[in-house]
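Chain residues, written in single-letter form:
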Amino acid sequence: MVSPRKSERPTKYFENRVRIFWNDGPTQKGEIGIWDWFTSPSKNDSSVDFIESYYVPDSYPVRVITIPEAKTIEYILEKLMAGIQVESPFNCDLFFCLRKKMGSLKYFCGLLCTKNDLIFSGSSVTIRDSICSLPQYTFTDQDIFICSTIPVQFLKSLHVESPECYVSINSVDDIIRSIILSKITWPTYRETLNRTRREWKDCQLLLERVCSESIYEEVSIKAACSLEQAKQAVSEFCAHANDLIDQGDIDLEILSQIVTYHDGLRSQCEEIAAEQWKQSHQIELSLAQSELQEAEEKKSQIERELKNFQDQITSAQSRLEKLKSDIAHYEALGNDTLQAVQKKIADAQEDAAGFIAELSMFLPQSTVAASTVSSLCHYKMGTSVSEEDEPEICESWKDELALLQGNLSFMSFASDESRALNKLLSAFLYAAYVQNIPLLIAGPYAHEFADAVSLSVAGRHAGILALDGRCDTDIIKHLETSDDTVIVVQNVFGKDWDDNLLQSLMRLNKFIIWTRPYTEDLLIEPKGLYNYALPLFTEHFVETKPTNQFIPGMHSKKFFQYKLQKTSFNRTKVLQQLGVSKLAASRLHMVLSNASVMIDLRNKDLEFLFAILPFAVLTGQKDFLGEILDTEKNISNTVKAEIKHYLGEV
């Protein structure tokens, strides 16, 4: 980072600009970032410049904040925990430091905090309680960039090297205690022990009590010594116990030698030991005998079942032979019928009047009006959860997003790759929900995806609209007045339902999710369908059927809603080459841009997984996807491996 170069030009245009026009990037007050910009002469007036700017999400500055009164790193840490007043705060990474001078050089020694480590409240900055340690760095004044327009300092380098060391915020006991307690979550407890929520809370209280007590402190109190002396005493006791176990007892060694070399005494000892062992293990022996008898009974039962299966196979083979015989008979009968029909057609062509007169003998003498298919109410409102399922109270949209991510994890395995994909999926679904942008979810357990969203955000199952009978546009009135936040539309390609219903569904203030059990169904549908709903394939995320019931959510009285981020939209060349319409591309941008903000994502994982991949499959351009995937560097290995696996390359 260096000072911008300025020319002798008298005006503040071109390279002398101090401000540029905003097109994309952060919008909140206090945010700071880096933009790539350049100018060109205006078409109407060459003395005036035309500006183009692009936000660079992968690079962000580190602000340097010097604490004048600080003499030690510990003092800086105490100030961070209590709260530091910062003039002109910016929402970015901060380096809190003290200044030292050695000769002509000035050194800045301090702690580096990312913006996710901090809580910004007005002009006060505080370290989060969940942070256990911070990296320590030392820089010289040559590493510091001083801004000329505002009284702030930044590191010249946008990427810092490895730290000198890490400074612990809490004691090791506190860190271990917090890690243990954070691992015992309600979903984990319920999945492992299948107990109630009250028992889980009692278990947490017990662990907090146990973890808060230290054996060193208890020894120090009872022995009336210092804490260091207590630690030394415990260590000596452990070492002494190990010596006792390792060295053994000399009397026992002498007795063992006598028994070893005296055959009669050894036999007598073995008999006595065997008898005593049988008496002391009588319960175990009885249990083993019972298990052996049970195993024999199971073996006999399996043998009987095997014989039964063999008899069934023999019977099935007999039926198969009979079916083959019947098929041969009906094939011969079909050939005879075909010849008779062909002869009848030939006779009708020669004598049409006679054929019609003969046919009229078999027709009914009166006509019956065709009955019309009655229009039924195909909408089923979502049901509430049972009273036994206590809802999870969500204080903000972040809690709601975390609950959705936990519910979706019940359909995948506990691996790092699955958790990474599940995080992207949760953000995509939640971003579509907050904007009521319809989705078309295709693949296994599509309906469960919709239920996971509905239970997480509304605490009830999703409503179901089945398009089975004759089209009935009045059904929209039922949807508008229902309490359902999420509505699942089944059999959306029913032939008797016209396109007006699709328009009506888009205008509803509901989150509409269309579902199809097979991804291949979408390959024969018109591409204009995705102007109404964005496609989502479940095959990338589902690894097993839901292992647990989804946990319902409920808003607190002071629930903090998510604020939509507005960014400029330009349809990328990749989406243009895939034939994505402007409307579908705009909706994708609205969902993906907000999903990236929700999980602070700075690469193209969301774009590739939820935009480029599905449209490349739907338009039959998988080869094109493989070409751009090999050249793209701003994508994680997890998403790249998933896409290559789907394309059959690995």
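Every residue gets a number counted from 1 within its own chain, in the order that chain's sequence is written. Where local features are concerned, this predicted model is filtered to residues with pLDDT of at least 70; where side-chain atom pairs are given and counted, the filter is 80 or more; whole-chain, interface and lining totals use all residues. Based on all heavy atoms of the structure, the side-chain values leave hydrogens and waters out of the count.

Bringing the overall build of the chain into the picture now. Broken down by element type, the chain carries 20 helices and 20 strands. Each residue's exposure class comes from its accessible area (1.4 Å probe, protein chains only) as a fraction of the maximum for that residue type: buried when under 20%, exposed when over 50%, partly exposed otherwise. Each of the 650 residues in the chain was classed as buried or not, and the buried ones make up 33%. Here the Shrake-Rupley method, with its probe set to 1.4 Å, supplies the accessible areas, and only the displayed protein chains count as covering residues. For the chain, the computed accessible surface area is about 41,500 Å², with 54% contributed by carbon and sulfur atoms. A run of H or I in DSSP becomes a helix once it reaches four residues, and a run of E becomes a strand once it reaches two; helices and strands are each numbered from the N terminus.

Of all hydrophobic cores here, the largest spans 97 residues; its most connected members are L429, L465, L505, W514, F610 and L625. Counting residues per element, this core draws most heavily on helix α18 (residues 605-618), at 11 residues. Working rule for contacts: check all heavy atoms of both residues, and any pair within 4.5 Å makes them a contact. Excluding residues within four positions of it along the chain, L465 makes contact with H378, Y379, I475, L479, I487, V488, V489, Q490 and L505. By nonpolar core is meant a set of buried Ala, Val, Leu, Ile, Met, Phe, Trp, Tyr and Cys residues that side-chain atoms within 4.5 Å join together. Membership of the second largest hydrophobic core comes to 29 residues, among which are I32, L77, F96 and I169.

Taken together, 6 strands build an open sheet; the order of strands is β13-β16-β17-β18-β15-β19 and the sheet is mixed. The open sheet has two edge strands, β13 (379-380) and β19 (534-537), and neither has a second partner. Across 4 bridges, strand β16 (residues 463-466) lies against strand β17 (residues 486-490) in parallel orientation. The residue of β17 that forms the bridge with A466 is Q490. Should DSSP find at least two bridges between two strands, the strands are regarded as paired.

Let us now look at the packing of aromatic side chains. Stacked, tilted and edge-to-face pairs are distinguished by plane angle, under 30 degrees for stacked and over 60 for edge-to-face with tilted covering the rest, among Phe, Tyr and Trp rings (Trp via its six-membered ring) whose centres lie within 6.5 Å. For the structure on display, the rule yields 10 aromatic pairs. Here the aromatic rings of Y137 and F139 are separated by 5.8 Å at their centres, their planes lie at 10 degrees, and the arrangement is stacked. Judged by its relative accessible area of 9%, Y137 falls in the buried class. Seen in terms of ring centroids, Y433 and F511 are 6.0 Å apart; in terms of plane orientation they differ by 65 degrees. Their pairing is edge-to-face.

Relative to the helices and strands, I131 resides in the loop between β8 (124-127) and β9 (133-140). Residue I131 is classed as buried on the basis of its relative accessible area of 15%. The sequence separation of I131 and N170 amounts to 39 residues, and the corresponding C-alpha distance is 8.9 Å.

Taking 1.5 Å as the rise per residue, helix α11 (residues 397-408) with 12 residues should run 16 Å; its terminal C-alpha atoms sit 16 Å apart, in good agreement. When we look at burial in α11, the residues that qualify are W397, E400, L401, L403, L404, N407 and L408. All buried residues of α11 lie within an arc of 160 degrees about the axis, which places them on one face of the element. The inward-facing, buried residues of α11 abut β14 (392-396), α12 (416-434), α13 (446-458), β20 (553-560) and α17 (582-598). Working rule for helices: expected span equals 1.5 Å times residues minus one. Regarding the arc, it is the one traced by the directions from the helix axis to the C-beta atoms.

Below, the discussion takes up the sheet that holds strand β5 (residues 93-102). The strand order across the open sheet formed by 7 strands is β10-β11-β3-β5-β6-β9-β12, and the pairing between neighbours is mixed. The sheet is open, and its two borders are formed by β10 (144-146) and β12 (165-168), each paired with just one other strand. Across the sheet, the mean angle separating the axes of adjacent strands is 40 degrees when strand polarity is ignored. When β5 meets strand β6 (residues 105-113), the two strands line up antiparallel, connected through 9 bridges. Its bridge partner lying in β6, F95 is registered against L112. To obtain an axis, a line is fitted to C-alpha atoms, over the contacting stretch when the element is a helix, and the angle between two such axes runs from 0 to 180 degrees between their N-to-C directions.

This part covers the side chain of D484. Along the chain, D484 turns up in the loop between α14 (475-481) and β17. Residue classification places D484 among the buried residues on the basis of a relative accessible area of 1%. Each residue touching D484, except ones within four places of it in the same chain, is listed here: Y379, M381, G382, R460, H461, G463 and K510.

Two elements in contact, α11 and α13, have axes whose closest approach is 9 Å; the angle formed by their N-to-C orientations is 145 degrees. The two elements α11 and α13 meet at a crossing, and its hand is right-handed. In this structure, α11 contributes E400, L403, L404, N407 and L408 to the contact, and α13 contributes A452, V453, S456 and V457. Charged means Asp, Glu, Lys or Arg here, nonpolar means Ala, Val, Leu, Ile, Met, Phe, Trp, Tyr, Cys or Pro, and polar covers whatever is left, Gly included. Its residues placed into classes, the contact of α11 with α13 shows 6 nonpolar, 2 polar and 1 charged. Helix crossings get a hand from a simple test, with the near helix turned counterclockwise from the far one by less than a right angle marking a left-handed crossing and a clockwise turn marking a right-handed one.

How sure the predictor is of each residue is captured by pLDDT, a score from 0 to 100. Here the chain shows a mean pLDDT of 81. Residues at 70 or above account for 83%. Counting interchain partners and residues more than four positions distant, the pLDDT-below-50 stretch residues 244-252 has 1 contact. Counting contacts from residues 363-375, a segment whose pLDDT is below 50, to residues more than four positions away or on other chains yields 4 contacts.

Time to look at the packing of α12 against α13. Look at α12 against α13: their axes get within 11 Å of each other, and the N-to-C directions meet at 65 degrees. By the criterion of interaxial angle, the relationship of α12 to α13 is roughly perpendicular. Seen along the crossing, α12 lies across α13 with a hand that is right-handed. Where α12 abuts α13, its residues L425, L429, Y430 and Y433 lie against F449, V453 and V457. Roughly parallel means an angle under 35 degrees; roughly antiparallel means over 145; roughly perpendicular covers 65 to 115; every other angle is labelled oblique.

A rise of 1.5 Å per residue sets the reference length of α17, with its 17 residues, at 24 Å; its end C-alpha atoms lie 24 Å apart and thus fit the reference within 8%. Along α17, the residues that are buried comprise A584, A585, R587, L588, V591, L592, S593, N594, A595, S596 and M598.

A positive phi angle, near 55 degrees, is found at N436, a position not held by glycine. Its relative accessible area of 23% is what places N436 among the partly exposed residues. Phi at Y445 is positive, roughly 60 degrees, even though this residue is not glycine. Inspection of the secondary structure assignment puts Y445 in the loop between β15 (439-442) and α13.

Tracing the backbone shows K510 in the loop between α15 (500-507) and β18 (511-516). This buried residue, K510, is left without a salt bridge; D483 holds the nearest opposite charge, at 6.6 Å. We define a polar contact as two N or O atoms separated by no more than 3.5 Å, with the added condition that, inside protein, one atom must be a possible hydrogen donor and the other a possible acceptor, whereas residues neighbouring each other in sequence contribute only through side-chain atom pairs. Polar contacts involving the side chain of K510 include one to the main-chain carbonyl oxygen of D484, which spans 2.9 Å. Once you skip the residues sitting within four places of it in the chain, K510 turns out to touch N436, L479, E480, S482, D483, D484, T485 and I487. The sign given to each residue is positive for Lys and Arg and negative for Asp and Glu; His and the chain ends receive no count. Salt bridge, as used here: a side-chain nitrogen of Lys or Arg that lies within 4 Å of a carboxyl oxygen of Asp or Glu.

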